[in-house]
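Letter by letter, the chains look like this.
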Amino acid sequence: MTVVGVLPFITPMQSSSSSSTISPGNQRRHTLPASEVRPLNTHDAVSVFEIEREAFISVSGDCPLHLDEVRHFLTLCPELSMGWFEEGRLVAFIIGSLWDQDRLTTDALTLHKPRGSTVHIHVLAVHRTFRQQGKGPILMWRYLQYLRYLPNVRRAVLMCEDFLVPFYHKSGFKVLGRCAITVANLTFTEMWYPISGHAYMRRNSEAIRFPQLPVSMETPKTDDTR
Ligand SMILES: CC(C)(COP(=O)(O)OP(=O)(O)OC[C@H]1O[C@@H](n2cnc3c(N)ncnc32)[C@H](O)[C@@H]1OP(=O)(O)O)[C@@H](O)C(=O)NCCC(=O)NCCS
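As recorded in an unreviewed UniProt entry, the chain goes by Serotonin N-acetyltransferase and comes from Polymixia japonica. Taken verbatim from the UniProt record of the chain, the Subcellular location (unreviewed entry) comment is "Cytoplasm". The Pathway (unreviewed entry) comment attached to the chain in UniProt states, word for word, "Aromatic compound metabolism; melatonin biosynthesis; melatonin from serotonin: step 1/2."

S.K.: Please explain the environment of V48 as it appears in this structure.
M.R.: By the element assignment, V48 lies in helix α1 (residues 45-60). What makes V48 buried here is its relative accessible area of 0%. Along the chain, V48 and G83 lie 35 residues apart, while their C-alpha atoms are 8.9 Å from each other. Once you skip the residues sitting within four places of it in the chain, V48 turns out to touch L40, V70, L90, F93 and I95.

S.K.: Whenever I open this one, the environment of A156 confuses me. Can you help?
M.R.: Checked against the element boundaries, A156 lands in strand β7 (residues 155-160). Between the C-alpha atom of A156 and that of V119, which follows or precedes it by 37 residues, the distance is 4.5 Å. Dropping the residues within four chain positions of it, A156 is found in contact with V119, I121, L144, L147, F173, M191, W192, Y193 and I195.

S.K.: Mind showing me how you'd approach the sheet that holds strand β3 (residues 35-38) here?
M.R.: Pairing between sheet strands relies on hydrogen bonds along the backbone, with the strands arranged either parallel or antiparallel. Ordered in space as β3-β4-β5-β6-β7-β9-β8, the seven strands form an open sheet in which the pairing is mixed. Only two strands of the sheet have a single neighbouring strand rather than two, namely β3 and β8 (174-178). Mean inter-strand twist for the sheet, computed between neighbouring axes without regard to direction, equals 25 degrees. Where β7 lies against strand β9 (residues 189-194), six bridges are found, and the strand directions are antiparallel. Paired with L158 across the bridge in β9 is M191.

S.K.: Got a minute to help me understand the side chain of R38 in this structure?
M.R.: Of note, R38 is situated in strand β3. Residue classification places R38 among the buried residues on the basis of a relative accessible area of 17%. Looking at R38, its side chain comes within polar contact range of the side chain of D44, at 2.9 Å.

S.K.: Teacher, can you tell me more about the packing of aromatic side chains here?
M.R.: If you walk through the whole model with that rule in mind, you get three aromatic pairs. Geometrically, the ring pair formed by F167 and Y168 is edge-to-face, given 5.1 Å between the ring centres and 75 degrees between the ring planes. Exposure remark for F167: the relative accessible area of 29% places this residue in the partly exposed category. By relative accessible area, Y168 is classed as buried at 8%. On the basis of an interplanar angle of 50 degrees and a centroid distance of 5.5 Å, the ring pair of F173 and Y193 is categorised as tilted.

S.K.: What is the right way to look at the pairing of β7 in this model?
M.R.: Where a strand is regular, its side chains alternate between the two sheet faces. Most of β7 sits inside the fold, with six of its six residues counted as buried. Residues R155, V157 and M159 line one face of β7 and the alternating positions A156, L158 and C160 line the opposite face, and both faces are buried. Pairing between strand β6 (residues 118-126) and β7: three bridges, direction parallel. Note that in β7 the partner of T118 across the bridge is R155. For the crossover that starts at β6, traverses helix α3 (residues 135-147) and ends in the parallel β7, the hand is right-handed.

Cut-offs used in this document
- Residues numbered from 1 in each chain as written.
- Predicted model: local features only at pLDDT ≥ 70, side-chain atom pairs only at ≥ 80, totals over all residues.
- Heavy atoms only, no water.
- UniProt positions renumbered as here; feature names shortened; annotations may be inferred.
- Helix = DSSP H or I, 4+ residues; strand = E, 2+ residues; numbered from the N terminus.
- Buried < 20%, exposed > 50% of the residue type's maximum accessible area, 1.4 Å probe, protein only.
- Contact = heavy atoms within 4.5 Å.
- Pairing = 2+ DSSP bridges.
- Axes fitted to C-alpha atoms, helices over the stretch in contact; angles between N-to-C directions.
- Polar contact = N/O pair within 3.5 Å; in protein donor to acceptor, adjacent residues only side chain to side chain.
- Phe/Tyr/Trp six-rings, centres within 6.5 Å; stacked < 30°, edge-to-face > 60°.
- Right-handed = clockwise from strand over helix to strand, strands pointing away.

Now the structure itself:
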């Protein structure tokens, strides 16, 4: 998949409160942006894994993506990841890859299928100190909007433990059914979200303008009303 056509829409953005200082020579010197949403790269892998370590490993002893798998997907398909940074620090992220079957199988946990039209969302996680602030749903909303710019993508799928079904339902995901994948004694529900609209074709659309807005001005959709 080429991402050349969509890269402008995921250009890092800065909120109006970006950190900056005025130098003695009166030249503005920009420092780290207050808020930035951008695709992840392999340099971000350790920060991703640190959040995963706290969010999953400390709770259940395992996590959706191990460090080598994070690097693997951020090498193969960085355009299917999204990270939210506050003053340069990763506070929330999503990692996805492409899948080419109707339902998830264990292969989907480790493979990226470049010809697939389904985005498999491996993990959404928010740093512990930034939870309960709505960041998870906002980042998911941005991600789902962004996927509309990828011409071959038709839907997003994820697997989650049952207690998170209401959480993803609020973001517009619908239940597909029991997931064929089990990890240790954990079972999962498979959920999906339709990606439509070919937003990349619609110049001057709201979807094209939204990345220019500061993070704080964006409101996640709670229902799939498209
Ligand atoms: C789940 C998660 C992404 C939510 O992100 P967030 O930014 O905290 O989202 P919010 O601020 O909207 O958090 C509150 C909502 O999340 C839901 N939620 C968060 N953690 C939950 C949990 N362990 N069980 C059930 N619901 C949970 C709540 O239903 C709550 O909804 P409410 O608004 O009706 O009260 C975040 O808590 C997280 O990173 N958890 C650890 C990693 C994880 O479980 N990721 C998902 C599986 S891949």
